[in-house]
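What the coordinates show
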Amino acid sequence: MLNGASDRTHRITLRRPDIVADGYGGQKRAFSNYAVRWAQVKPPAYREQQAQGAPMSREEIVVEITPADNAVGRGWRLFWQNHEYAVTSTDNTYRERTLITAKRLNPGE
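Residues numbered from 1 in each chain as written. Predicted model: local features only at pLDDT ≥ 70, side-chain atom pairs only at ≥ 80, totals over all residues. Heavy atoms only, no water.

Notes on the pairing of strand β3 (residues 60-65)
In terms of burial, β3 is largely enclosed, as six of its six residues are buried. Because side chains alternate across β3, one face comprises the buried residues Glu60, Val62 and Glu64, and the other comprises Ile61, Val63 and Ile65, equally buried. Where strand β2 (residues 27-42) lies against β3, three bridges are found, and the strand directions are antiparallel. Paired with Lys42 across the two strands is Val62, which belongs to β3. (Buried < 20%, exposed > 50% of the residue type's maximum accessible area, 1.4 Å probe, protein only. Helix = DSSP H or I, 4+ residues; strand = E, 2+ residues; numbered from the N terminus. Pairing = 2+ DSSP bridges.)

What follows is the structure, encoded as structure tokens:
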């Protein structure tokens, strides 16, 4: 079922990984802004894992963006509500939307 525009109430910033010079003759990974999108942000559906007694992570979110964006993938970053998240997986099963699962990054970990 398609969600309407009224469901996309959160502003997120998608950041892609880039390889840049580190100033010492080598390379390092940095992130650059890719897109700012309206999205639907919700907790993951862990019904199956919860039924089996698996640990639940409150640091994960699921983000739905429409229209779909096949460029976004694992290793990307996103910002939402002043927090940075690492994209752990994407689902492009349906051509009209992309589901992104991301885990909150905690500084110092």
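Back to the text.
Focus: the sheet that holds strand β6 (residues 98-104)
As summarised here, the arrangement of the six strands in space is β1-β2-β3-β6-β5-β4, forming a closed barrel in which the pairing is antiparallel. Taking each pair of neighbouring strands and ignoring which way they run, the sheet shows an average axis angle of 40 degrees. (Axes fitted to C-alpha atoms, helices over the stretch in contact; angles between N-to-C directions.)

Describing the packing of aromatic side chains
The full count for this structure, using the stated rule, is two aromatic pairs. Between the aromatic rings of Tyr34 and Trp76, the centroid separation amounts to 4.9 Å while the plane-to-plane angle is 85 degrees, which identifies the pairing as edge-to-face. In this pair, Tyr34 is assigned in strand β2 and Trp76 in the loop between β3 and β4 (77-80), connecting sequence segments 42 residues apart. Using a relative accessible area of 31% as the deciding quantity, one classes Tyr34 as partly exposed. Judged by relative accessible area, which is 9%, Trp76 ranks as buried. On the basis of an interplanar angle of 45 degrees and a centroid distance of 6.2 Å, the ring pair of Trp80 and Tyr85 is categorised as tilted. A residue is classified by how much of its surface remains accessible, and Trp80, at 13% relative accessible area, is buried. Judged by its relative accessible area of 5%, Tyr85 is buried. (Phe/Tyr/Trp six-rings, centres within 6.5 Å; stacked < 30°, edge-to-face > 60°.)

Regarding the confidence of the model for the protein
Looking at the protein as a whole, its pLDDT mean stands at 84, while 78% of the residues score no less than 70. Across the protein, β4 holds the top mean pLDDT of 95, while helix α1 (residues 47-51) sits lowest at 53. (pLDDT = per-residue confidence, 0-100.)

Considering the nonpolar core
Formed by 15 residues in total, the largest nonpolar core has its most connected members in Ile12, Ile61, Val63, Leu78 and Ile100. Of all the secondary structure elements, the ones that give two or more residues to this core are β1 (10-21), β2, β3, β4, β5 (83-91) and β6. Beyond its immediate chain neighbours, meaning those up to four positions away, Ile12 contacts Ala35, Val36, Arg37, Ala39, Val41, Val63, Ile65, Phe79 and Trp80. (Core = buried A, V, L, I, M, F, W, Y, C linked by side-chain atoms within 4.5 Å. Contact = heavy atoms within 4.5 Å.)

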